[in-house]
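Reading the structure
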Amino acid sequence: MKRNSEKYILTEGMEWEKLGGGVSRKMLGYDNQIMMVLVNFEEGAIGTPHSHFHTQATYCVAGKFEFEIDGVKQVVKAGDGVYIEPNLVHSAVCLEAGQLIDTFSPVREDFLDGSGVAYFGDKEE
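All figures in this text were calculated on a predicted structure; none of them were measured in a lab.

Rules of the game
Residues numbered from 1 in each chain as written. Predicted model: local features only at pLDDT ≥ 70, side-chain atom pairs only at ≥ 80, totals over all residues. Heavy atoms only, no water. Helix = DSSP H or I, 4+ residues; strand = E, 2+ residues; numbered from the N terminus. Rg over C-alpha atoms; globule rule 2.2 N^0.38 Å. Buried < 20%, exposed > 50% of the residue type's maximum accessible area, 1.4 Å probe, protein only. Contact = heavy atoms within 4.5 Å. Areas by Shrake-Rupley, 256 points an atom, 1.4 Å probe, with all protein chains shown as cover. Phe/Tyr/Trp six-rings, centres within 6.5 Å; stacked < 30°, edge-to-face > 60°. Salt bridge = Lys/Arg side-chain N within 4 Å of Asp/Glu carboxyl O. Pairing = 2+ DSSP bridges.

**Quick notes on the overall build of the protein chain**
Along the backbone of the protein chain there are 1 helix and 8 strands. Mapped from its N terminus to its C terminus, the protein chain presents α and β elements in the order β-β-β-β-β-β-β-β-α. Taken over the C-alpha trace, the protein chain has a radius of gyration of 14 Å; the compact-globule value for 125 residues is 14 Å, and the two agree within 12%. In the protein chain, which comprises 125 residues, the share counted as buried stands at 37%. Looking at the protein chain alone, contacts between residues at least 24 apart form 66% of all its contacts between residues at least 6 apart. Only carbon and sulfur atoms are counted for the fraction: they give 53% of the accessible area of the protein chain, which is about 7,200 Å².

Here it is in structure tokens:
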């Protein structure tokens, strides 16, 4: 069964999905092979160390973040990109409130089925 988002995803008026811990997201487009997500972080929000089998490419739209990938730390700011190979342990701390665009391949089934992500905190927050 092929699933995909609408051709145009207009974010004006779209509700943010609260993930807890000062993090929220909006789905920007997906099919079975790829997914793009806008993620909003409050200053101090933490994505705790985790890994997944998906390839991830992230673009920093705004703010400043300290990423750690496979034990190597790097501060990224607006305009910078991050590439995360499958299964590498990675995390991020938001140093200045901002937004990231996360792109995953293949699609993150856990994002679509509502199970949430444990690495941002309590989804009920």
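**Describing the packing of aromatic side chains**
Pairs of aromatic rings are described using the distance from one ring centre to the other and the angle between the two planes. What the rule picks out here adds up to 3 aromatic pairs. Ring geometry for Phe41 against Phe65: centres 5.1 Å apart, planes inclined by 80°, an arrangement best described as edge-to-face. Placement of Phe41 in strand E3 (residues 35-41) and of Phe65 in strand E5 (residues 55-69) is noted, with a sequence separation of 24 residues between them. For Phe65, a relative accessible area of 0% corresponds to the buried category.

**Things to note about the pattern of salt bridges**
Evaluated as defined, the whole model comprises 4 salt bridges. A salt bridge links Lys64 to Glu96, with the nearest nitrogen and oxygen atoms 3.8 Å apart. With Lys64 in strand E5 and Glu96 in strand E8 (residues 90-105), the pair connects residues that are 32 residues apart, well separated along the chain. The exposure class assigned to Lys64 is partly exposed, which follows from its relative accessible area of 29%. For Glu96, a relative accessible area of 40% corresponds to the partly exposed category.

**Concerning unusual backbone geometry**
Here the amide bond leading from Ser105 into Pro106 is cis, since omega sits at -5°, within 30 degrees of zero. Assignment of secondary structure puts Pro106 in the loop between E8 and helix H1 (109-112). For Asp70, which is not glycine, the phi torsion reads 55° and is therefore positive. Position of Asp70 among the secondary structure elements: in the loop between E5 and strand E6 (72-77).

**Quick word on the pairing of E3**
Extensive coverage of E3 is indicated by the burial of 5 of its 7 residues. In this structure, strand E2 (residues 23-30) lies alongside E3, joined through 7 bridges in antiparallel fashion. In the strand pairing of E3, Gly29 is matched with Met36. Between E2 and E3, which follow one another and run antiparallel, lie 4 residues. When E3 meets E8, the two strands line up antiparallel, connected through 7 bridges. Its bridge partner being in E8, Val37 is matched across the sheet by Asp102.

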